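Here's the letter readout for the chains.
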Amino acid sequence: MRELRQIRDAVISALRTEGLAAEAAFPEKWAAERKTPLATVAVGTAEGRALGFDGYLGEIRGEDGQVREVYGKRLEGVITIDLRAERAADCEEGGETAAALLGKLPEGIRPGELSWEALSWEKQTGLFLRRGTLRCEALFLAETSGGPEFLDFILKGVLRNEQPA
């Protein structure tokens, strides 16, 4: 689902803004190959709801003067953030850094509760692991292009021409 990828990419971007190496979960290379802490991010669960009547929010007039219909939908989800590092202290520090992301997310994501599991040793990678979850709500908007065609839902506060992380 494209909207879930947008949420994941916004969280990755916010983590990177805070100086933490971050990638999408299930990277091709194991985190053990890195010498610095790494956060992997995935969408755990998500539930969508239309806004307005069948998602219809109203009309806007574009810069070209054409009237466009605007539609919206809301997703409630849980983002998983796994921090792995060679040292336990780096995992702890990464968790503090990740908590700072709450103020760096696009306006379309309303963060809720951020919780962390206890620090553990992951035998498979030989690294310390700190697993966190972020409950959030995301708002997506779409508009007609002036004709019958419909544009994609875009996370509110994210530019249409931005490339995903």
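Worth saying up front: this structure is predicted, and the values here are computed from it rather than measured. One numbering rule holds for all chains: residues counted from 1, following each sequence as written. Restriction of local features to residues with pLDDT of at least 70 applies here, the model being predicted, together with a cutoff of 80 or more for giving and counting side-chain atom pairs; totals for whole chains, interfaces and linings are based on all residues. Side-chain measures here rest on the full set of heavy atoms in the structure, leaving out hydrogens and waters.

*Asks:* A description of the pattern of salt bridges should follow, citing residues and the corresponding values.
*Replies:* What makes a salt bridge here is a side-chain nitrogen of Lys or Arg within 4 Å of a carboxyl oxygen of Asp or Glu, nothing more. Evaluation of the coordinates by the stated rule reveals eleven salt bridges. When the shortest N-O distance is used, the salt bridge between Asp9 and Arg8 registers 2.9 Å. Glu18 is the salt-bridge partner of Lys104, the closest N and O atoms lying 3.5 Å from each other. A residue pair is termed long-range when its members are at least 10 positions apart, and Lys104 in the loop between α2 (88–99) and β5 (109–116) and Glu18 in the loop between α1 (2–17) and β1 (21–24) qualify at 86 residues. Here the salt bridges do not stand alone but share partners, grouping Arg74, Glu76, Arg110 and Glu137 into one network. Strands are runs of DSSP state E lasting at least two residues, helices are runs of H or I lasting at least four, and both sets are numbered from the N terminus onward.

*Asks:* Give me the lowdown on the packing of aromatic side chains, citing residues and values where you can.
*Replies:* Two aromatic rings, drawn from Phe, Tyr or Trp (for Trp, its six-membered ring), form a pair once their centres lie within 6.5 Å of each other, and the interplanar angle then sorts them: stacked below 30 degrees, edge-to-face above 60, tilted otherwise. Applying the stated criterion across every chain, the model contains one aromatic pair. Between Trp121 and Phe128, the ring centres sit 5.0 Å apart and the planes meet at 80°, which makes this aromatic pair edge-to-face. For every residue, the accessible area obtained with a 1.4 Å probe (protein chains only) is divided by the maximum for its type, and the residue is called buried under 20%, exposed over 50%, and partly exposed between those limits. Classification of Trp121 as partly exposed rests on a relative accessible area of 49%.

*Asks:* I'd like to hear about the nonpolar core, residue by residue, with values.
*Replies:* Side-chain atoms within 4.5 Å are what join buried Ala, Val, Leu, Ile, Met, Phe, Trp, Tyr and Cys residues into a set we call a nonpolar core. Formed by 26 residues in total, the largest nonpolar core has its most connected members in Ile7, Val11, Leu15, Ile79, Ile81, Leu101 and Ile109. Taken together, the elements giving at least two residues each to this core come down to α1, β2 (38–50), β4 (67–85) and β7 (127–143). Per element, the largest residue contribution to this core is six residues, and it comes from α1. Residues contacting Ile79, with those up to four places away along its chain left out, are Ile7, Val11, Val41, Ala42, Val43, Gly44, Gly132, Thr133, Leu134 and Cys136. Between two residues, a contact is recorded if the distance between any of their heavy atoms is within 4.5 Å.

*Asks:* Outline the pairing of β4, supporting the account with residue identities and numerical values.
*Replies:* With respect to burial, β4 is a largely interior element, 14 of its 19 residues being buried. In this scheme, strands are said to pair when DSSP sees at least two bridges between them. Examined bridge by bridge, strand β3 (residues 56–61) and β4 share five bridges and lie antiparallel to one another. Residue pairing across strands places Glu59 opposite Glu69, the latter belonging to β4. Counted between consecutive antiparallel strands, the loop separating β3 from β4 contains five residues, among which Gly65 sits at a positive phi close to 90°.

*Asks:* Mind laying out the environment of Val43, listing which residues take part and the relevant values?
*Replies:* Inspection of the secondary structure puts Val43 in strand β2. The spatial distance from the C-alpha of Val43 to the C-alpha of Gly77 is 7.2 Å, given a sequence separation of 34 residues. Apart from residues no more than four positions distant in its own chain, Val43 is found in contact with Leu4, Arg8, Val78 and Ile79.

*Asks:* Describe in detail the environment of Gly77, supporting the description with residues and values.
*Replies:* Tracing the backbone shows Gly77 in strand β4. Looking at Gly77, the relative accessible area reads 14%, which means it is buried. Separated by 70 residues in the primary sequence, Gly77 and Ile7 place their C-alpha atoms 9.2 Å from one another.

*Asks:* Describe α2, and please don't skip the residues or the numbers.
*Replies:* A helix is expected to span 1.5 Å for every residue after the first. Taking 1.5 Å of rise per residue, the twelve residues of α2 would be expected to cover 16 Å, and the 17 Å separating its terminal C-alpha atoms lies within 8% of that figure. Taken residue by residue, α2 has Asp90, Cys91, Gly94, Gly95, Thr97 and Ala98 as its buried positions. Looking down the long axis of α2, one finds its buried residues gathered within 165° of arc, a one-sided arrangement. Packing partners of the buried residues in α2 comprise α1, β4, β5 and β7. Taking the helix axis as origin, the arc is that swept by the directions to the C-beta atoms.

*Asks:* Would you mind going over the confidence of the model for the chain in detail, with residue names and values included?
*Replies:* Chain-level pLDDT for the chain is 78 on average; 78% of the residues reach the 70-or-more range. Per-residue confidence from the predictor is reported as pLDDT, which spans 0 to 100. Throughout residues 161–165 the model reports pLDDT below 50, and contacts reaching past four residues in sequence, or to other chains, amount to four contacts.

*Asks:* Please set out α1 residue by residue, giving values where relevant.
*Replies:* Taking 1.5 Å per residue, 16 residues should reach 22 Å; α1 reaches 22 Å between its end C-alpha atoms and fits that length. Within α1, the full set of buried residues consists of Glu3, Gln6, Ile7, Asp9, Ala10, Val11, Ile12, Ala14 and Leu15. Immediately downstream of α1, the backbone of Gly19 shows phi near 90°, a positive value.

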